[in-house]
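Chain by chain, the residues:
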Number of protein chains: 2
Amino acid sequence: MQHLSIDLGTRSYPILIGAGLLADRALLERLLPQRNLLVVTNATVAKLHLQALLRGLGERNVATHSIPDGEQFKNLDTLNAIFDALVRARLHRDAAIVALGGGVVGDVAGFAAAIYQRGIAHLQVPTTLLAQVDSAVGGKTGVNHRAGKNLIGAFHQPCGVLADITTLRTLPERELRAGLAEVIKYGLLADVRFLEWLEGSLERLLACEEAALEFAVQRSCEIKARIVATDEREQGQRALLNLGHTFGHAIESATGYHDWLHGEAVSVGLLMAARLSARLGWLGDADVERVRALLQRASLPTSAPQVGAARALEFMAMDKKVQDGKVRLILLPRLGEARVSSDYDAGKLRATLQEFLGP
Amino acid sequence: MQHLSIDLGTRSYPILIGAGLLADRALLERLLPQRNLLVVTNATVAKLHLQALLRGLGERNVATHSIPDGEQFKNLDTLNAIFDALVRARLHRDAAIVALGGGVVGDVAGFAAAIYQRGIAHLQVPTTLLAQVDSAVGGKTGVNHRAGKNLIGAFHQPCGVLADITTLRTLPERELRAGLAEVIKYGLLADVRFLEWLEGSLERLLACEEAALEFAVQRSCEIKARIVATDEREQGQRALLNLGHTFGHAIESATGYHDWLHGEAVSVGLLMAARLSARLGWLGDADVERVRALLQRASLPTSAPQVGAARALEFMAMDKKVQDGKVRLILLPRLGEARVSSDYDAGKLRATLQEFLGP
């Protein structure tokens, strides 16, 4: 088992990564002392992993609530149903929520914990690669609004993250691949050696080799934990973690969150960020092709539906990263290093959008 | 103008109390440098005070959104309509919300600021006595759930509180009286000399004498600011501010938030807390009668509809102050001093509930 820690003063918490952690009663007792719990999950995940988790939680007062599966249900209605479940179970400030599932479950359940009775504890138990390397770590919680992704939310750190690698074996291959887009993101933005390791280990990862997955999750979480510790509330450096995401969110918004997995939209977004970086003279064309090749080897999309540059700009203008009317973008001075910039040539942004999304 | 400060480290902010502050452009520029604003108010308050505030805000990009008037609209639907207004006005993380109105406006608008784009700035401009002495100060924001008051919310400190005493002149007398219940609360829980001053100044307050109102608001805010500074997130001492509120909330919940103003329910709640304190042998009967007399002189209710002790206990069991299955109550060892207790005789609680609310 790998044991990382995210250093946030009184809000610090452990990230535990390994096989078979879900049912580890001693570990769960240590991470989560609360006696009254609501497990938030969805029907698919519950069928696969709820029994193991309930064994791990042992003798407590545990209620369970399933939310519908899919990004389109990451909304205020789903949130409200969680409040109803909390009230039905008569849970108070001394209770905790356990989020068992992927990014949607983690984001909505974490947000419910953030604002139920002005904040109760929660444990993240991510069961997808994407959630293990990204959404379960760092305290960003929230729901979507029709005008944009994660437009309503809170920073609310969990009391711990339990990344059970075993759960990734049950993941549909498409979701595993989507999660790899976020893993590749970490290599691109912070660690070219990790990027090289990914290029050399992709087949082992796609074959769900435990040791490879454990290292990929560990290194991703290390990078994320280091950045979040320096900038919990995204005043500066934390924005680097959004590499590929401003483009990706625009694709997701334009396609209504239905057809694309988040990681798939991020995949195209990463390539768009690399392409714009090349247009600005930062990356070479060979770097861009290297990014494209890795994404393609992971069977991730490198082109998007023609939602149109104008429409994408509309959605980008609603992004939380807008400041003084200009969209701040995360760009790549070189592979393994990212930078926040709002000082770019708007024409080159438009050309990049048109290249990928049509006019 | 009185200038207090609430000492919360990096979240410290000023509380300014005085006549005619709404339209003071220099003051507002200092308190609120943001250029893009949404003023949240309601139709009644807007008619009376919006023009003055807009003068005070000067040349900025200011949108306005009115919410319906009344505690029954302090809910997720009203919150969602504020998000729609924020999106329509294309406001981002660098924008701020100005809450112009009473407790409902302040709580809902403050909560919207807490969770829009994971938190933007907000200025509280309370226009009722109750909001000036209580709800606008201290960062508690939220909405009601049918199972209980303020069940959904966040701690989100404003960047300042602007208590313009002039606005109290336009307040319906019933609301002024309801606000006085909260003012009396501060005397009861923390300052017997302030209680004596209130007993001697009640007529001046009811006549809206500016100097008397300014002192009542100032002293109330001083007491609240001191307590909040020691315990921002209500882990201990801050609960003292709920004197009378657990009883009051039960009355409000049982009557559906329709017929009773919050301060009116608190008035009965204060007397119930005093009565239970006497049953426990802490206060004398003369103390209880002194509380009753002051509330009656302010034409505040000292008896409640017969909602029934059993039903009230149901609502109290959903209160956020429940810990380990027992409702923590705020009780009075003597006038001017309060204590949090869950170590009371449950029979005496039941007797007090029956005395006021029927069996």
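Our subject is the structure listed above.
Okay, so let's go over this structure. Being a predicted model, the structure only gives us computed values, none of them experimental.

1. Details of the overall build of chain A
Move 1: Within chain A, the regular secondary structure consists of 13 helices and 13 strands.
Move 2: In summary, chain A has a C-alpha radius of gyration of 20 Å against a globular reference of 21 Å for 359 residues, a match within 12%.
Move 3: For chain A, the spread of C-alpha atoms along the principal axes amounts to about 60 × 40 × 35 Å.
Move 4: Taking the contacts inside chain A whose residues are at least 6 apart along the sequence as the reference set, 76% of them involve residues at least 24 apart.
Move 5: Carbon together with sulfur atoms contributes 48% to the accessible area of chain A, which is approximately 12,500 Å² in total.
Move 6: Both charge centroids of chain A, one from 40 positive and one from 39 negative side chains, sit 3 Å from each other.

2. Comments concerning the interface of chain A and chain B
Move 1: Tallying the contact residues gives 36 residues for chain A and 36 residues for chain B.
Move 2: We note a salt bridge from Arg-93 of chain B to Glu-234 of chain A, for which the minimum N-O separation is 3.7 Å.
Move 3: At the level of secondary structure, the elements contributing two or more residues to the side of chain A that touches chain B comprise α3 (76–88), α4 (103–115), β7 (140–145), β8 (148–155), α12 (309–317) and β10 (322–323) of chain A.
Move 4: Among the elements that line the side of chain A that touches chain B, the one with the most residues is β8 of chain A, at 6 residues.

3. Things to note about the pattern of salt bridges
Move 1: For the coordinates displayed, the defined rule picks out 48 salt bridges over all chains.
Move 2: Lys-74 of chain A is paired through a salt bridge with Glu-71 of chain A; the nearest N and O atoms lie 3.8 Å apart. One exposure class covers both Lys-74 of chain A and Glu-71 of chain A, and it is buried.
Move 3: Here Lys-185 of chain B and Glu-182 of chain B are joined by a salt bridge, their closest N and O atoms 3.0 Å apart.

4. Some details on helix α10 (residues 262–279) of chain A
Residues and elements named next belong to chain A.
Move 1: The terminal C-alpha atoms of α10, which comprises 18 residues, lie 25 Å apart, in line with the 26 Å expected from a rise of 1.5 Å per residue.
Move 2: Taking burial as the measure, the 18 residues of α10 include 16 buried ones, the bulk of the element.
Move 3: Downstream of α10 by one or two residues, Gly-281 has phi in the positive range, about 85 degrees.

5. So, the packing of aromatic side chains
Residue and element names in this part refer to chain A.
Move 1: Tallied over the entire structure, the rule returns 8 aromatic pairs over all chains.
Move 2: A ring pair is formed by Phe-83 and Tyr-116, whose centres lie 6.4 Å apart and whose planes are at 15 degrees; its orientation type is stacked. Of this pair, Phe-83 sits in helix α3 while Tyr-116 sits in the loop between α4 and β6 (121–126); the two residues are 33 residues apart in sequence, bridging distant segments of the chain. Each member of the pair, Phe-83 as well as Tyr-116, is classed as buried.

6. A closer look at the relation of the copies chain A and chain B
Related by rotation about an axis and a shift along that axis, the two copies of the chain form a pair.
Move 1: For the pair chain A and chain B, the best superposition has an RMSD of 0.0 Å and corresponds to a rotation of 180 degrees with a translation of 0.0 Å parallel to the axis. Expressed as a symmetry operation, the mapping of one chain copy onto the other fits a two-fold axis. Every residue of chain A has its C-alpha some distance from the rotation axis, and the shortest such distance is that of Leu-76 of chain A, at 4.2 Å.
Move 2: Both copies share a contact surface, since 100% of the interface residues of chain A are interface residues in chain B too.

About the criteria used
- Residues numbered from 1 in each chain as written.
- Chains lettered and ligands numbered in written order.
- Predicted model: local features only at pLDDT ≥ 70, side-chain atom pairs only at ≥ 80, totals over all residues.
- Heavy atoms only, no water.
- Helix = DSSP H or I, 4+ residues; strand = E, 2+ residues; numbered from the N terminus.
- Rg over C-alpha atoms; globule rule 2.2 N^0.38 Å.
- Contact = heavy atoms within 4.5 Å.
- Areas by Shrake-Rupley, 256 points an atom, 1.4 Å probe, with all protein chains shown as cover.
- Lys, Arg positive; Asp, Glu negative; His and termini not counted.
- Charge placed at Lys NZ, Arg CZ, Asp CG, Glu CD.
- Salt bridge = Lys/Arg side-chain N within 4 Å of Asp/Glu carboxyl O.
- Buried < 20%, exposed > 50% of the residue type's maximum accessible area, 1.4 Å probe, protein only.
- Expected span 1.5 Å × (residues − 1).
- Phe/Tyr/Trp six-rings, centres within 6.5 Å; stacked < 30°, edge-to-face > 60°.
- Least-squares fit on C-alpha atoms with pLDDT ≥ 70 in both.

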